[in-house]
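# Coordinate inspection notes
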Amino acid sequence: MENLIGLLVAAPLLGAAVLLCGGRALDRVGHWLGTALAGVSFLIGAVLFADMLGEETSDRALHSHLFSWIPVGGFRADVGFQLDQLSMTFVLLITGVGTLIHIYSIGYMEHDERRRRFFGYLNLFLAAMLLLVLADNYLLLYVGWEGVGLASYLLIGFWQHKPSAATAAKKAFIVNRVGDVGLSIAIMLMFTTFGTFAFAPVLSEADRAGEGKLTAIGLMLLLAACGKSAQVPLQSWLGDAMEGPTPVSALIHAATMVTAGVYLITRSGAIFNAAPDAQTAVVTVGAVTLLFGAIVGCAKDDIKKALAGSTMSQIGYMILAAGLGPIGYVFAIMHLVTHGFFKAGLFLGAGSVMHAMNDEVDMRKYGGLRRYMPITFATFGLGYLAIIGFPGLSGFWSKDKIIEAAFAKGGTEGWILGAATLLGAAITAYYMTRVMLLTFFGEKRWQPAPDPHKTAGIEPGAEAHPGELPHPHESPKSMTIPMIVLAFGSVFAGGLFSLNDAFVNWLEPVTGHDHGDSPLSAATVTAGTMVVLVVGVALAWAQYGRRPVPVTAPRGSALTRAARRDLLQDDFNHVVLVKPGEYLTRGLDRVDHTLVDGAVNGAAASVGGLSGRLRKLQNGYARTYAVSMFGGAAVLIAATLLMRAV
Amino acid sequence: MSSAPSVHSLWMTAAGPRDKIPTPHIEYGQLSPVLIVVGAAVLGILVEAFLPRRQRYAAQLFVSVVSLAAAFAAVIALAAGDYGTSKAHVAAMGAIAVDGPALFLQGTILLVSLVAVFTFAERRLDPQTHGNRVDSFAAQPAAVPGGEAEEAAVRAGFTSTEVFPLLLFAVAGMLVFPAANDLLTLFVALEVFSLPLYILCALARRHRLLSQESAVKYFLLGAFSSAFLLFGIALLYGYAGTVTYSGIADVVDGQVSRVDPALAQTMGNDALLLIGGAMVLVGLLFKVGAVPFHMWTPDVYQGAPTPVTGFMAAATKVAAFGALLRLLYVVLPGLRWDWRPVLWGVAILTMLGGAVVAITQTDVKRLLAYSSIAHAGFILAGVIATNKDGVSSVLFYLAAYSFVTLGAFAVVTLVRDAGGEATQLSKWAGLGRRSPLVAAVFAVFLLAFAGIPLTSGFAGKFAVFKAAAEGGAGPLVVVGVIASAVAAFFYIRVIVLMFFNEPKADGPTVAVPSALTTSAIGIGVAVTLVLGVAPQYFLDLASQAGVFVR
């Protein structure tokens, strides 16, 4: 069984290599090949899962050592895999959702002439993500971490002819670099502290290291998680990343990659458990981000950006849960999985809508689509109910547990966190209802297709005729089937996980679990959640359901305007980071030009001048040469004698 | 003068008046590399004397190639017979050492000379005159340049096949030079290889006046330096009462208590030792082209026929550094604290002087001349190391450098215009666009000169600097690296000139050489890359050969 673990990674990696190196010859079969290899990886994952279920709880973790990667003196880096319940959960999510999105992309990218390359990148992403969650040490995890960053960059900028996509890709890459630096520093700190960066020794000996060091490592890991999972203050890239094709948004920027930060913190639980200050930082980041993302999601008219804000907010929930320690790890991962289902489903639904509406993304120009796209409406609707936490659906089970856990943290901190999560739930209900109403209900606000010559970049697949109103239609089967499957997950996954605490029992051996000490009973919390849910939905209905929605957005309050601009995140970064950076580079450039270049050019000029003067000594007369020799000999002899005298 | 057994030598025995003259004992087998080459040189003279003019070229080429190859085989056989290591000793009654450094350097000189013979024999480059194929050498060297006799000789299609025996004589002298184990043998070897070189320098077919001028300068200054050397030898004899290296070393070390009565006034006088040693050093530093004894180098390199320049630059440097190493490591190790600071100064001047003055050169051959001066400085840094690594790194450097030099000058012979070789640097502009292959090959040699990794130049420079640093000459290494940086400027400037400048309308053309020059250049490139990419085997070889017999 251990040998199969390598195959999990190898299958999509092979796909990426073949598709990216294969050239045009593979254009006609490339998407099938890519999808098949993703499916193979999922099947292997399923086999391993079945096998793992058959084992005793204590024997479930598998290890597979492939080879010694960098053996240098006391430094030893191995390529080895570790498949335990936590990794298994991720493997199934990644390969399962990944395969569905591969299938969806066959239809979605049908008219793109670079479809083969797209599938190559998707396979590359799967391989890197699997490597990330299967690695048995932090250095190999880092390889996967960078690999998913690369795949994300390539896919966000997939329509590189659009300047906005190219810029968004660069932005995502650069912001992620900041987080990556955190991870690399964390790994270095681990090596100096523990002498190794393999999971087993680091995590088992974590409590023996000093708290100061663990806090430093924890904060660096948190920085890494912030970058990859789009948490405040490194959140700015996620909204722009929606420039990528919608399947990419669904797979990478909603269901899997952006949750890598949650994985990292959960996996490093032993470090955080022993570093309460770092945990406080984690919950703070989570709480701030869950509100930040939710507020941004309320103001966006672009359906994908609204969903992106929502993703940020939901990951904020997970990070918050992970920061709670053993009370929250399990629920962080549980929410991660259910979120993977419903958010991927929502994005695929959004893609389906855009597909039908000439790639229009402005929800104010949708309206009344439920009659034209029943399947999309149904699946999107189920995803919607799941995310707002409608009783019985997936989101209800997982989010409710996080809110309970937040209160269970105890003390003032518990109250603050609990309040934040409840407020977040209210806002979630508000903005998701808004999306739902704007898109599927109300009157048609459809606009003629824009002139493709005027707007750069039309998503391929759309047969847009300038000046015509869109003709919404249901998407092809390759797109609807994944949506239906995901909708099933959105509905039933949470309930299934909560049956007899199945998910808690499954993960507890890896992450540990603790019930905490909640001042409120579970029923009270649930009741509170229901109240805020109703309030949120009612507010949205009052605003967008009762009266007609203007096609052009009203000016709105100052908060709305700020939220439309992502709460001024880019302005903040511009003033605080970009400007000083520019001044610094400009200053350095000037120093380089005047001082460094001056010194270098001055040295060169003086050597050249010296050369020209010395050259004149070489005048061509043998007598001069002889004098030079004679003088040289005299000096040589004198110097020799002098040396003896000294 | 008495011939005490401890200080007798080949020369003393011959001069000993009172004793019965014993038959010198000569180990012919161990001296066979030298003997083969000398014999072939004599045979070459006979070929000139007795064969018809038309057949001489082929015969001379055959004799030269076969003899050099045979001599090389003899060196290999001696090395295989452990003469380089365990059986190393001094042959010919103390006159010639057969040991690791000697065999390594002799092997290098023979290979370099073999390749040089190829460039000497090239007859495709110059356009045919009156239907005769001609080489780089004057038709009738004795004729007045531009006179009627010369005109007649050119029309008759004469060629100077004497260059081959001259080359062989020079090679013979060079083989003895680094192996010489007494000062008189050293001097004789010096003259044996210098005199043919003076003549060879004067034999250029084009620019004959320049060529003759260079030969006269070389001869005058060479004679001057020989005088220093000879006077130094006399002083050393006065100090030690002997001319053998080991004998002098014994006196320096204070192991000889018996004073020769005839030399009672002088023996053991340190002033004689220091002045004599310094003067011998001057003679050798002249040959390696170290500042301030370098001034002949650019003029002679420029004026001499390019194949001769290549041979001289490569082989002379090997032989002269070999002799210098032996002198310093065998005769004068006891004086290390006296000669090291002096050589420090010389090395610094040589590295910086060569590199700095090269920057403003406008002629390829002069540029390479200054480059060779700078390289002499780098090699001196290795010599100064005075440890075993110093010897082996210098041996490696010499082997690497000589092939690069030979190849570079061979490329220079290819770039021609109506006046013969176009050595003006400005004419090389854009050469890479017209003849990418030739320009690329020259670029490889330039990169090797500059010491860029993956070329032999890097491996050699690294070895030398490492040895110097370990030998306590760290500041010298710093100066060496600075000089290398300065030198890299003009090497790379030539590459830029060849590849990134527009070709000139009246630029030179690249002649298509015969297999001879092609193989010479090919061997140069191959050795440069092999020693650059996989130097370890050769470094080990040099390391094994790094012990002098005494």
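Located above this text is the structure these notes cover.
Residues numbered from 1 in each chain as written. Chains lettered and ligands numbered in written order. Predicted model: local features only at pLDDT ≥ 70, side-chain atom pairs only at ≥ 80, totals over all residues. Heavy atoms only, no water.

### Side note on the packing of helix H3 (residues 53-80) of chain B against helix H6 (residues 163-176) of chain B
Residues and elements named next belong to chain B. What counts, and what does not: For helices, the fitted axis covers only the stretch in contact; all axes are lines through C-alpha atoms, and the angles between them, taken along N-to-C directions, range from 0 to 180 degrees. Strands are runs of DSSP state E lasting at least two residues, helices are runs of H or I lasting at least four, and both sets are numbered from the N terminus onward. Roughly parallel means an angle under 35 degrees; roughly antiparallel means over 145; roughly perpendicular covers 65 to 115; every other angle is labelled oblique. Each crossing gets its hand from how the near helix is turned against the far one by less than a right angle, where anticlockwise is left-handed and clockwise is right-handed. Whether two residues are in contact is decided by their heavy atoms, any of which lying within 4.5 Å being enough. Polarity classes work like this: nonpolar for Ala, Val, Leu, Ile, Met, Phe, Trp, Tyr, Cys and Pro, charged for Asp, Glu, Lys and Arg, and polar for all others, with Gly in that last group.
Where H3 meets H6, the closest approach of the two axes is 10 Å, and the angle between their N-to-C directions is 20°. In terms of their interaxial angle, H3 and H6 are classed as roughly parallel. The two elements H3 and H6 meet at a crossing, and its hand is left-handed. Contacts between H3 and H6 involve Tyr57, Gln60, Leu61, Ser64, Ser67 and Leu68 from the former and Phe164, Pro165, Leu168 and Val171 from the latter. Across the contact of H3 with H6, the residue classes break down as 7 nonpolar, 3 polar and no charged.

### A look at the interface of chain A and chain B
Quick note on the threshold: Two parts lose some accessible area (1.4 Å probe) when they are put together, and adding that loss for both gives the buried area. Salt bridges are defined by distance alone: a side-chain nitrogen of Lys or Arg within 4 Å of a carboxyl oxygen of Asp or Glu. The term polar contact refers here to a pair of N or O atoms within 3.5 Å; inside protein, the definition further demands a hydrogen-donor-capable atom paired with an acceptor-capable atom, and it admits residues adjacent in sequence only when both atoms are side-chain atoms.
The partner chain B presents 38 residues to the 25 residues of chain A that form the contact. A combined buried area of about 2,700 Å² lies between chain A and chain B, and 75% of that area is made up of carbon and sulfur atoms. Where chain A packs against chain B, one counts 2 salt bridges. Between Asp338 of chain B and Arg644 of chain A there is a salt bridge; the shortest N-O distance is 2.9 Å. Where chain A touches chain B, the interface holds 12 residue pairs in polar contact (both at pLDDT 80 or more). Taken together, the elements giving at least two residues each to the side of chain A that touches chain B come down to helix H23 (569-615) and helix H24 (622-645) of chain A. Per-element tally for the side of chain A that touches chain B: the top contributor is H24 of chain A, with 15 residues. For the side of chain A that touches chain B, the per-class residue count stands at 15 nonpolar, 8 polar and 2 charged.

### Remarks on unusual backbone geometry
If a residue is not glycine, its phi is most likely negative; likewise, a peptide bond is most likely trans. A cis amide bond links Val232 of chain A with the next residue in sequence, Pro233 of chain A, at an omega value of 10°. Here the amide bond leading from Val291 of chain B into Pro292 of chain B is cis, since omega sits at 5°, within 30 degrees of zero. By the secondary structure assignment, Pro292 of chain B is in the loop between helix H10 (270-288) and helix H11 (296-303). Positive phi outside glycine occurs at Thr386 of chain B, with the angle close to 45°. Examined against the element boundaries, Thr386 of chain B turns out to sit in the loop between helix H14 (364-384) and helix H15 (388-414).

### Things to note about the pattern of salt bridges
Once their charged atoms are close, side chains differing in charge can pair, the charge on each being opposite to the other. Residues and elements named next belong to chain A. Applicable threshold: Buried, partly exposed and exposed residues are distinguished by accessible area as a fraction of the type maximum, computed with a 1.4 Å probe on protein chains only: under 20%, between the cut-offs, and over 50%, respectively.
Under the defined criterion, the tally for this structure stands at 28 salt bridges over all chains. Where Asp301 meets Arg364, a salt bridge forms, and the shortest distance between an N and an O atom there is 3.0 Å. With a gap of 63 residues between them, Asp301 in the loop between helix H13 (276-299) and helix H14 (303-323) and Arg364 in the loop between helix H15 (329-356) and helix H16 (374-388) connect regions that are remote in the sequence. Owing to a relative accessible area of 14%, Asp301 belongs among the buried residues under this scheme.

### Side note on the environment of Ala116 of chain B
Relative to the helices and strands, Ala116 of chain B is located in helix H4 (residues 100-120). When neighbours within four sequence positions are excluded, Ala116 of chain B is seen to be in contact with Phe311 and Leu406 of chain B.

### Side note on the sheet that holds strand S4 (residues 420-421) of chain B
Basically, it comes down to this: Any two strands between which DSSP finds at least two bridges are classified as paired.
Taking strand neighbours across the sheet as the criterion, the 3 strands line up as S4-S3-S5 (chain B) in an open arrangement whose pairing is antiparallel. Single-partner strands in this sheet number two, and they are S4 and strand S5 (509-510) of chain B.

### Observations regarding the packing of helix H17 (residues 436-450) of chain B against helix H19 (residues 474-500) of chain B
Residue and element names in this part refer to chain B. Taken N-terminus to C-terminus, the directions of H17 and H19 make an angle of 165°; their axes are 9 Å apart at the nearest point. The angle between H17 and H19 places the two elements in the roughly antiparallel class. For H17 against H19, the interelement crossing comes out left-handed. Contacts between H17 and H19 involve Ala439, Ala440, Phe442, Ala443, Leu446, Leu447, Phe449 and Ala450 from the first element and Ala488, Tyr491, Val494, Ile495, Met498 and Phe499 from the second.

### Digging into the pairing of strand S1 (residues 62-72) of chain A
All names here are of chain A. Summarising the sheet, S1 and strand S2 (residues 75-83) pair through 9 bridges and their orientation is antiparallel. Directly across from His63, in S2, lies its bridge partner Gln82. Remark: 2 residues form the turn of the hairpin made by S1 and S2, two consecutive strands paired antiparallel; Gly73 in that turn has positive phi of roughly 55°.

### Comments concerning the nonpolar core
The criterion, for reference: In these notes, a set of buried Ala, Val, Leu, Ile, Met, Phe, Trp, Tyr and Cys residues joined through side-chain atoms within 4.5 Å is what counts as a nonpolar core.
In terms of nonpolar packing, the biggest core is built from 208 residues, with Phe120, Phe177, Leu285, Phe311 and Phe442 of chain B touching the most fellow members. Ignoring any residue separated from it by four or fewer positions in sequence, one finds Phe177 of chain B in contact with Leu186, Ala189, Leu190, Phe193, Leu284, Ala319, Ala320 and Ala323 of chain B. Counting 187 residues, the second largest nonpolar core, distinct from the first, contains Leu126, Ala169, Met242 and Val337 of chain A.

### Thoughts on the side chain of Thr350 of chain B
All names here are of chain B. Its location among the elements puts Thr350 in helix H13 (residues 336-358). On the accessibility criterion, Thr350 (0% relative accessible area) is buried. Within the structure, Thr350 has its side chain in polar contact with the backbone oxygen of Val346 (distance 2.5 Å). Sequence-distant contacts of Thr350, defined by excluding residues within four places in its chain, comprise Gly289, Ala290, Val291, Ile373, Ala374, Ala376, Gly377 and Leu380.

### Focus: the packing of aromatic side chains
Worth spelling out the cut-off: Note on ring pairs: Phe, Tyr and Trp rings are taken, using the six-membered ring of Trp, and paired if centres are within 6.5 Å. Classes follow the plane angle, with under 30 degrees stacked, over 60 edge-to-face and the rest tilted. Lysine NZ or arginine CZ positioned within 6 Å of the ring centre and within 35 degrees of the ring normal marks a charge as sitting over the ring.
Applying the stated criterion to the full structure yields 39 aromatic pairs over all chains. An angle of 40° between the planes, with centres 5.9 Å apart, marks the rings of Tyr329 of chain B and Phe548 of chain B as tilted. Note that Tyr329 of chain B is positioned in helix H12 (residues 306-331) and Phe548 of chain B in the segment after helix H21 (536-544), a separation of 219 residues in sequence. The class of Tyr329 of chain B is buried, set by a relative accessible area of 18%. Accessibility expressed as a relative area gives 16% for Phe548 of chain B, which makes it buried. Among the aromatic residues, those joined into a cluster by ring pairs are Tyr198, Tyr218, Phe219, Phe286, Trp296, Tyr301 and Phe409 of chain B. If you follow Arg623 of chain A out to its NZ or CZ, it ends over the ring of Tyr621 of chain A, 4.1 Å from the centre.

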